[in-house]
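Here's the letter readout for the chains.
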Amino acid sequence: MTDFLSEAASLQSFLQAVRQTLHRAPELGNQEIKTSAYLRSILEPLGLTVENPFGTALCATLHGAKPGRTAALRADMDALPVAEATGAEFSSQIPGVMHACGHDIHMTAAVGAAMLLAAHRETLCGSIRFLFQPDEEGCGGAQRFVDAGCLRGVDAVFGAHVSPELPLGSVGIRFGKFYAASDTFSITVRGKSAHGAEPEKGIDALQAAARLAVRLVGLRSALNGERCAVTVGTLQAGTAINVVADTAQLTGILRTLGPDSRARMRRLVTDAAAELAAQTGTQIDVQLHESYPGIVNDDSASQLVHDTAVQLLGEPNVAVLQQPTLMTEDFGYYLAAARGCFYHVGAGCAAPLHSPQFLPDIRAAVTAAALHAAALERALAE
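For the structure given in this document, a descriptive report is provided here. (Residues numbered from 1 in each chain as written. Predicted model: local features only at pLDDT ≥ 70, side-chain atom pairs only at ≥ 80, totals over all residues. Heavy atoms only, no water.)

### Let's talk about the overall build of the protein
Within the protein, the regular secondary structure consists of 10 helices and 16 strands. Taking the principal axes of the C-alpha coordinates as reference, the protein spans close to 85 × 45 × 40 Å. Put simply, the protein has 382 residues, and 54% of those count as buried. Partitioning the intrachain contacts of the protein with sequence separation of at least 6 by distance along the chain shows that 80% fall at a separation of at least 24. (Helix = DSSP H or I, 4+ residues; strand = E, 2+ residues; numbered from the N terminus. Buried < 20%, exposed > 50% of the residue type's maximum accessible area, 1.4 Å probe, protein only. Contact = heavy atoms within 4.5 Å.)

Below you can see the structure in the form of structure tokens.
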């Protein structure tokens, strides 16, 4: 295997400059105009074919000298509406916007991987597509990449996220279910208004909604011990202290692991609402809104990343993650189009994701660039 770790280390000064440029000028989802142009200015001189499939997205293709398979690497580009408080010399120059989720590191690592692999183009079998994706934090850009045909013909797709929970220089790989599917719900309860002194003449929508909220939260234990989240975030009802509320509305989120658990939880929510409506005489309308599908890694692709990481970084620096997370990520749309693996890279920063203090070490990008390049090379060779 090519010694990509040493080669990536030799690029650290350049990658630091790339990272600082990206970090100073963060852009929100679907507004990554300057980010996209800057990345293009780096990728095209490397000999990559750079296309703009939609909006601010970039699909940059590196063609190896030899025919073969096609692999892909995703890096998200958008920032968050967070006011930076890191005190870094290269802090965000955009008020109220910063790369608080490490996407500047993700882009920098992908640039590093492109540089490493372009230097070995003559021995590369096949092609690699680098997918620089807008709007991961918002409505998602992954499905739009799939719809644009950028995953067509891709044999394996990879991506990564920096993690404050892992030491710098290490990676974490999860086999199977990794990130949760995300759904939101909006539930309207309709009853009958009455004077508060004569509640028996009405049908209390507020009381029914409160009972439903408790029942919904109790569904957390309904998936045979598998991790999930049911959160009722708002409950709004009533107009006066002496009036039985005739309407109430609840909103919240569901987080589940894998498509089967997702479908079961959605059924449980609608069943709970129907049962309570029958018990209380209310009318209950449930609106479920499907969001990101979650991430279920392919075992063979995960094994490839694991074995590559052990060879590259040494076994002590490679963790097999035992627990999935209830965070969500739109990388799952890629995994519906091609087998693949999403993994974690130690951030070298103790502050949590989305914190105004979150500032990963540049060496996280060096590690990620080396692993990306090695995994992509191996995926094409196999």
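### Things to note about the packing of aromatic side chains
Throughout the structure, instances matching the rule amount to seven aromatic pairs. Ring geometry for F145 against Y334: centres 6.5 Å apart, planes inclined by 50 degrees, an arrangement best described as tilted. Taken as a pair, F145 in helix α5 (residues 142-147) and Y334 in helix α9 (residues 332-335) lie far apart in primary sequence, 189 residues in all. For F145, a relative accessible area of 0% translates into the label buried. Both rings, one in F331 and one in F342, keep their centres 5.0 Å apart while their planes meet at 40 degrees; by these two values the pair is tilted. With F331 in the loop between β15 (318-320) and α9 and F342 in strand β16 (residues 340-346), this residue pair connects regions lying 11 residues apart in the sequence. Across the pair, exposure class does not vary: F331 and F342 are buried alike. An aromatic cluster is built from F54, F145, F178, Y179, F331, Y334 and F342, whose rings are joined through pairwise contacts. (Phe/Tyr/Trp six-rings, centres within 6.5 Å; stacked < 30°, edge-to-face > 60°.)

### Quick word on the state of the cysteines
All told, the structure shown has zero disulfides when counted by the stated rule. The thiol of C150 is not disulfide-bonded; the next cysteine sulfur, from C59, is found 4.2 Å away. (Disulfide = S-S within 2.5 Å.)

### Some points on the sheet that holds β16
Reading across from one edge, β1-β2-β4-β3-β5-β16-β6-β15 is the order of the eight strands in this open sheet, with mixed pairing throughout. The open sheet has two edge strands, β1 (49-51) and β15, and neither has a second partner. Averaged over neighbouring strand pairs, the angle between their axes works out to 25 degrees when direction is ignored. Where strand β6 (residues 171-173) and β15 come together, three bridges link them in parallel fashion. The residue bridging V171 from the neighbouring strand is V318, located in β15. In the packing of helix α8 (residues 299-313) onto the sheet, the strands contacted are β5 (156-163), β6, β15 and β16, and the crossing angle to β6 comes to about 155 degrees. (Pairing = 2+ DSSP bridges. Axes fitted to C-alpha atoms, helices over the stretch in contact; angles between N-to-C directions.)

### Considerations on the sheet that holds strand β8 (residues 181-190)
If you trace the four strands from one edge of the open sheet to the other, you get β10-β12-β8-β13, paired in antiparallel fashion. One side of each edge strand has no neighbouring strand; the edge strands of this open sheet are β10 (229-237) and β13 (283-290). This sheet shows a mean twist of 15 degrees between the axes of neighbouring strands, independent of strand direction. The sheet strands contacting helix α6 (residues 205-218) are β8, β10, β12 (247-256) and β13, and the helix crosses β10 at an angle near 170 degrees. Sheet contacts for helix α7 (residues 259-280): β8, β10, β12 and β13; angle to β13, the most-contacted strand, approximately 165 degrees.

### Here's the deal with the side chain of Q20
Its location among the elements puts Q20 in helix α2 (residues 12-24). The contacts of Q20, once residues within four sequence positions are left out, are E89 and F90.

### Some words on the pairing of β5
Where burial is concerned, most of β5 is hidden: eight out of the eight residues are buried. By the alternation rule, side chains of β5 split into A156, F158, A160 and V162 and V157, G159, H161 and S163, which are all buried. Pairing of strand β3 (residues 66-76) with β5 involves three bridges; the strand directions are parallel. Counterpart to L73 in the pairing with β5 is F158. When β5 meets β16, the two strands line up parallel, connected through seven bridges. Note that in β16 the partner of V162 across the bridge is V345.

### Some thoughts on the environment of V18
In this fold, V18 is placed in helix α2. V18 sits 93 residues away from V111 along the chain, and the two C-alpha atoms are 8.6 Å apart. Every residue in contact with V18, bar those within four places of it in the chain, is listed here: Y38, I42 and T108.

### A short note on α7
Helix length check: α7 (22 residues) gives 32 Å between terminal C-alpha atoms against 32 Å at 1.5 Å per residue, within 8%. Three or more residues of α7 are buried, namely S261, R262, M265, L268, V269, A272, A273, L276 and A277. End-on view of α7: buried residues confined to an arc of 165 degrees, all on one side of the axis. Relative to its buried face, α7 has exposed residues pointing more than 90 degrees away, namely P259, D260 and A278. (Expected span 1.5 Å × (residues − 1). Arc of directions from axis to C-beta.)

### Examining unusual backbone geometry
Of note, D135 is a non-glycine position whose phi angle comes to about 60 degrees, a positive value. Its place among the elements puts D135 in the loop between β4 (125-133) and α5. Given the relative accessible area of 6%, D135 is considered buried.

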